[in-house]
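# Remarks on the overall topology
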Amino acid sequence: QQYPDSPYDAEARQLLARVYRHLKSYSLALLVYKQTLQKYDRNSKPLQAEIVPELFFELGEMHEETGEFVEAGEAFMQAVESYNHPIDHKNTPGYIIKSHFLSPEMHHKAQNYDVALESYKNAINIYGKTQNEEIMEQVFWARYQTGVINANKGDELKALNIYTELIDQPGYEDKLWKILATENQRTIQNKLSYDDYLKE
């Protein structure tokens, strides 16, 4: 309150919001995040606005903690949209990369299947050829989830193709996404076979 123009203002606000989150005073944390974003999101000084993407990311985490998955998904996407640097560079912050995958995950949880599917596809397109094993693991999970969503939407053949592509990846036999893809592939194949049997 005493030093609103201090260069430490944005970081002090961020830390205050984190304290409220830690205390589970979510309404107060939300107020601080929103006030800080309002102050710095359209700031004419680019260096001061650098904190905005990380604030959106933390806001997304908080919404996830409180079960507000749609709001979480939107906050993670705003983290990406407000980041004014390359999103696939070796120095891209981890929270920006995570935001690409967390946004569709939140919309998936909220059963916003179309939004989730498009967001997953976007993340896969951006990071699908990365050499980073940790990011590639997220890509494989994203591909698996697109199969799950397509199956939920009733497009079982598309889901089957996605699962098959994952299963055909050499190696990764101990990875959960591959094990689940194998199980889901078998389930769909059995269902389709039974449907064909009933038609006969």
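Residues numbered from 1 in each chain as written. Predicted model: local features only at pLDDT ≥ 70, side-chain atom pairs only at ≥ 80, totals over all residues. Heavy atoms only, no water.

## Observations concerning the overall build of the protein chain
Broken down by element type, the protein chain carries 10 helices and zero strands. Listed by position from the N terminus, the elements making up the protein chain come as α-α-α-α-α-α-α-α-α-α. Seen through its principal axes, the protein chain has C-alpha atoms that stretch 80 × 35 × 30 Å. For the protein chain, buried positions account for 38% of its 200 residues. Considering only contacts within the protein chain whose residues lie at least 6 apart along the sequence, 52% involve residues at least 24 apart. Summing over all exposed atoms, the protein chain offers an accessible surface of approximately 12100 Å²; the carbon and sulfur share of this is 50%. Charge centroids of the protein chain, computed over 21 positive and 31 negative side chains, lie 2 Å from each other. (Helix = DSSP H or I, 4+ residues; strand = E, 2+ residues; numbered from the N terminus. Buried < 20%, exposed > 50% of the residue type's maximum accessible area, 1.4 Å probe, protein only. Contact = heavy atoms within 4.5 Å. Areas by Shrake-Rupley, 256 points an atom, 1.4 Å probe, with all protein chains shown as cover. Lys, Arg positive; Asp, Glu negative; His and termini not counted. Charge placed at Lys NZ, Arg CZ, Asp CG, Glu CD.)

## Digging into the packing of aromatic side chains
Per the counting criterion, the structure on display carries eight aromatic pairs. On the numbers, 5.9 Å between centres and 40° between planes, the contact of Y144 with Y163 is tilted. Remark: Y163 occurs in helix α9 (residues 156–167) and Y144 occurs in helix α8 (residues 133–152); sequence separation between them is 19 residues. By relative accessible area, which is 8% here, Y144 ends up buried. One aromatic cluster in this structure is built from F57, F76 and Y95. (Phe/Tyr/Trp six-rings, centres within 6.5 Å; stacked < 30°, edge-to-face > 60°.)

## Section: the packing of helix α4 (residues 52–65) against helix α5 (residues 69–81)
Pairs of packed helices are described in terms of their axes, by the angle between the two and the distance that separates them. One way to put it is that α4 packs onto α5 with a least axis distance of 8 Å and a crossing angle of 165°. By the angle between their axes, α4 is roughly antiparallel relative to α5. As for how α4 packs across α5, the hand of that crossing is left-handed. Between α4 and α5, the contacting residues are P53, F56, F57, L59, G60, E61, H63 and E64 on the first element and F69, E71, A72, A75, F76, Q78 and A79 on the second. Taken together, the residues that form the contact of α4 with α5 break down as nine nonpolar, three polar and three charged. (Axes fitted to C-alpha atoms, helices over the stretch in contact; angles between N-to-C directions. Parallel < 35°, antiparallel > 145°, perpendicular 65-115°, else oblique. Left-handed = near helix turned anticlockwise from the far one by under 90°. Nonpolar A, V, L, I, M, F, W, Y, C, P; charged D, E, K, R; others polar.)

## Some thoughts on the environment of K129
By the secondary structure assignment, K129 is in the loop between α7 (113–127) and α8. Look at K129 and you get exposed, because its relative accessible area is 79%. Separated by 69 residues in sequence, K129 and G60 place their C-alpha atoms 26 Å apart.

## Some points on the layout of surface pockets
Space inside the largest pocket adds up to approximately 240 Å³. Looking at the lining of the largest pocket element by element, the count peaks at five residues for helix α1 (residues 9–22). Its residues assigned to classes, the lining of the largest pocket comprises eight nonpolar, two polar and two charged. Estimated volume of the second largest pocket: approximately 190 Å³. Lining the second largest pocket, in full, are K98, F101, L102, E105, H108, K109, Y120, Q138, W141, A142 and Q145. Sort the elements by how many residues they give to the lining of the second largest pocket and helix α6 (residues 94–109) lands first, with six residues. (1 Å grid on protein atoms, 1.4 Å probe; cavity = no way out; pocket = protein on both sides within 12 Å on 5 of 7 lines; lining within 4 Å. Points joined across faces, edges and corners; volume = space filled by probe spheres on them.)

## Re α7
Taking 1.5 Å per residue, 15 residues should reach 21 Å; α7 reaches 21 Å between its end C-alpha atoms and fits that length. Residues A116, L117, S119, Y120, A123, I124 and Y127 constitute the buried set of α7. On the buried face of α7, the contacting elements are α5, α6 and α8. (Expected span 1.5 Å × (residues − 1).)

## Quick look at the packing of α8 against α9
Put simply, α8 and α9 touch, their axes get as near as 7 Å, and they point 160° apart. In terms of orientation, α8 and α9 fall into the roughly antiparallel class. Two packed elements cross with a definite hand, and for α8 against α9 that hand is left-handed. Contacts between α8 and α9 involve F140, R143, Y144, T146, G147, V148, N150 and A151 on the former and, on the latter, E156, K158, A159, I162, Y163, E165 and L166. Looking at the contact of α8 with α9 residue by residue, the classes come out as eight nonpolar, three polar and four charged.

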